[in-house]
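Observations on chain architecture
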Amino acid sequence: MPSTTRPSRLRLGFAGALAALLVAAGTAGGPAAQAGEQHRAKTLGDLAQRHGRYFGSATDNPVLTDTAYTKILGHEFGMITPGNSMKWEATEPRQGVFDFTKGDEVVEFARANRQKVRGHTLVWHNQLPGWLTSRQWTADELRTVLKNHIQTEVRHYRGKVYAWDVVNEAFNEDGTWRESLFYKTLGPGYIADALRWAHEADPKAKLYVNDYNVEAVGPKSDAYYALAQQLKAQRVPLHGFGLQAHLALQYGYPTTLEDNLRRFARLGLDTALTEVDVRMLLPATEEKLAQQADWYRDLTKACLAVRRCVGITVWDWTDKYSWIPEFFPGEGAALPWDEQFAPKPAYHAIRDALKRR
Ligand code: G3I
């Protein structure tokens, strides 16, 4: 900055020195004071921690080179979820040949910033390697392959991953089983097996089943409720239910979210909002952004209202790196920070909710 725009302290005189003192004390108005306040303001992670919860974000390896991005990612959140790098296609690209390079990179980032990690995901019908999907398997063969995949990955991250999304997206919208490779070959028992194998590999990790469109009470969340009851009765190590919470303004807010969280808590399970975003039809207007802020506030309040709702993770934090525009053309603006990393009304709404009580 040229020296003409920045008078030295010596040339400030009494009034200037007083102003500087007030700024330093955070009592004066103006941009410098606001910047000072922002610097001292607690992060979403800090605010959530005061409630015994975490506030986290997903991230992906390619964006870890963006230093303006990693500065906020490393500072603002208490939990990190790798968006892609712990999935099967990334971790076991050839049968029996494991590659944890990218997952390790995210874990190392989290460690350096004193953040916890949610592992995502061990058993899912998507992003499977070609060697697994391009041939037929007998039940015995697939059981061996699945057990080896789960246990090798969970063992690798033992002590480094706080919770695993062990099984992801097992049900259809109407509550029937999704006809995945695993279900078709092994039947519904693959879920209990997967949980038991993961537990053997890391007895301390919290084990979750996780899905989207399960925020409201309805056929799909009912299917998880019934499954959880059954697994609990059989003493299968299931510890949590993850509600992804990919919401969209045009489909309405899941008003039964809090009741839903509560019924799983009563079964003795933790719950977590694991992949939150609130998309909208573009262009984003002031009105839509205000409604989005209300939804972020409401879902944060719902989690805080239920003791066993342990935390909230946004599916990345900036619209710049959201998955939405690629998957839902014409939709977007789903996250609490915009593409320029400026906090949106949603960010302030989350803060408001976390500051209460
Ligand atoms: O890795 C390839 C790369 O080699 C290739 O050059 C590039 C070209 O498009 O594609 C890369 O793969 C992409 C992959 O992410 C890794 O970056 C895929 O195209 C892309 O479709 C894939 O999208 C991911 C999506 O899951 C796939 O299902 C998103 O990033 C990820 O955020 C998203 O996450 C899921 C959760 O796991 C489960 N819940 C829903 C959520 C949103 O779909």
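1. Overview of the overall build of the chain
The number of helices and strands found in the chain is 15 helices and ten strands. For the chain, with 357 residues in total, the buried portion stands at 51%. Relative to all contacts within the chain whose residues are 6 or more apart in sequence, the contacts with residues 24 or more apart total 76%.

2. Quick look at the packing of aromatic side chains
This model, assessed by the stated rule, comprises 25 aromatic pairs. Pairwise contacts between aromatic rings join F55, Y69, F77, W317, Y321, W337, F341 and Y347 into one cluster. For R118, the ring lying beneath its charged end belongs to Y208, and the centroid distance is 4.7 Å. Directly above the ring of Y225 sits R263, whose terminal nitrogen or CZ lies 4.8 Å from the centroid.

3. Describing the packing of helix α13 (residues 286–305) against helix α15 (residues 345–355)
Here α13 crosses α15 at 25 degrees, and the two axes come no closer than 8 Å. When the axes of α13 and α15 are compared, the pair comes out roughly parallel. As α13 runs across α15, the sense of the crossing is right-handed. Of the residues in α15, those in contact with L289, Q292, A293, Y296, R297, T300, K301 and L304 of α13 are P345, A346, A349, I350, D352, A353 and L354.

4. A short note on helix α8 (residues 139–156)
Given 3.6 residues per helical turn, the α-helix brings residues three or four places apart onto the same face. Between its first and last C-alpha, α8 extends 26 Å over 18 residues, near the 26 Å set by a 1.5 Å rise per residue. Among the residues making up α8, those that are buried are L142, V145, L146, H149, I150, Q151, E153 and V154. Contact partners of the buried residues in α8: α5 (88–91), β3 (116–123), α7 (130–133), β4 (163–168), α9 (181–186) and α10 (190–201).

5. A few points about the pattern of salt bridges
Per the stated rule, a full pass over the model turns up 14 salt bridges. Among the ionic pairs, D165 bridges to R118, the shortest N-O distance being 2.9 Å. Of the two residues, D165 is situated in strand β4 and R118 in strand β3; the sequence distance between them amounts to 47 residues. The partner of D211 in a salt bridge is K220, with the nearest N and O atoms 3.3 Å apart. K220 matches D211 in its accessibility class, with the two residues each being buried.

6. Some points on the pairing of strand β8 (residues 270–281)
The side chains of a regular strand alternate, first on one face of the sheet and then on the other. Buried residues dominate β8, accounting for eleven of its twelve residues. Two elements, strand β6 (residues 240–243) and β8, share four bridges in a ladder whose sense is parallel. Pairing of G240 across the sheet is with D270, part of β8. Relative to β8, strand β7 (residues 246–248) runs parallel, the two being bridged by three bridges. Along β8, the bridge assignment pairs H246 with D277. For β8 and strand β9 (residues 309–314), the ladder comprises four bridges, and the chain directions are parallel. From the neighbouring strand, T271 faces β9, where its bridge partner is C309.

7. Quick notes on the pairing of β6
The alternating pattern of β6 places G240 and G242 and F241 and L243 on opposite faces, both of which are buried. Looking at chain direction, strand β5 (residues 206–211) and β6 are connected through four bridges and run parallel. For N210, the partnering residue across the bridge sits in β6 and is G242. Handedness of the crossover joining β5 and β6 through helix α11 (residues 219–233) is recorded here as right-handed.

8. What to know about the site of the ligand
The immediate surroundings of the ligand are formed by 15 residues, with N84, K87, H120, E275 and W315 found nearest. A distance of 2.6 Å is found between an oxygen atom of the ligand and a side-chain nitrogen or oxygen belonging to K87. Q244 is positioned such that a nitrogen or oxygen atom in its side chain is 3.1 Å from a nitrogen atom of the ligand. For the ligand, the protein covers 55% of the area, taking 790 Å² as the surface of the free molecule. Taken atom by atom, the bulk of the ligand overlaps the largest pocket. Class assignment for the residues of the shell around the ligand results in four nonpolar, six polar and five charged.

9. Some words on the environment of E331
For E331, the location among the structural elements is in strand β10 (residues 331–332). Sequence separation of E331 and A284 is 47 residues, and the distance between their C-alpha atoms is 9.0 Å. Among the polar contacts listed, one links the side chain of E331 to the side chain of R279, at a separation of 2.7 Å.

10. Section: the environment of W124
Tracing the sequence through the fold places W124 in the loop between β3 and α7. W124 gets classed as buried once you look at its relative accessible area, which sits at 11%. Along the backbone, W124 and N168 are 44 residues apart, and their C-alpha atoms lie at a distance of 5.1 Å. In this structure, W124 is in contact with K87, N168, E169 and F182, ignoring residues within four places of it in sequence.

What counts, and at which threshold
Residues numbered from 1 in each chain as written. Predicted model: local features only at pLDDT ≥ 70, side-chain atom pairs only at ≥ 80, totals over all residues. Heavy atoms only, no water. Helix = DSSP H or I, 4+ residues; strand = E, 2+ residues; numbered from the N terminus. Buried < 20%, exposed > 50% of the residue type's maximum accessible area, 1.4 Å probe, protein only. Contact = heavy atoms within 4.5 Å. Phe/Tyr/Trp six-rings, centres within 6.5 Å; stacked < 30°, edge-to-face > 60°. Lys NZ or Arg CZ within 6 Å of the ring centre and 35° of its normal. Axes fitted to C-alpha atoms, helices over the stretch in contact; angles between N-to-C directions. Parallel < 35°, antiparallel > 145°, perpendicular 65-115°, else oblique. Left-handed = near helix turned anticlockwise from the far one by under 90°. Expected span 1.5 Å × (residues − 1). Salt bridge = Lys/Arg side-chain N within 4 Å of Asp/Glu carboxyl O. Pairing = 2+ DSSP bridges. Right-handed = clockwise from strand over helix to strand, strands pointing away. Near = heavy atom within 4 Å. Polar contact = N/O pair within 3.5 Å; in protein donor to acceptor, adjacent residues only side chain to side chain. Areas by Shrake-Rupley, 256 points an atom, 1.4 Å probe, with all protein chains shown as cover. 1 Å grid on protein atoms, 1.4 Å probe; cavity = no way out; pocket = protein on both sides within 12 Å on 5 of 7 lines; lining within 4 Å. Sits in = over half its atoms within 2 Å of the grid points. Nonpolar A, V, L, I, M, F, W, Y, C, P; charged D, E, K, R; others polar.

These figures come from the coordinates and say nothing about function on their own.
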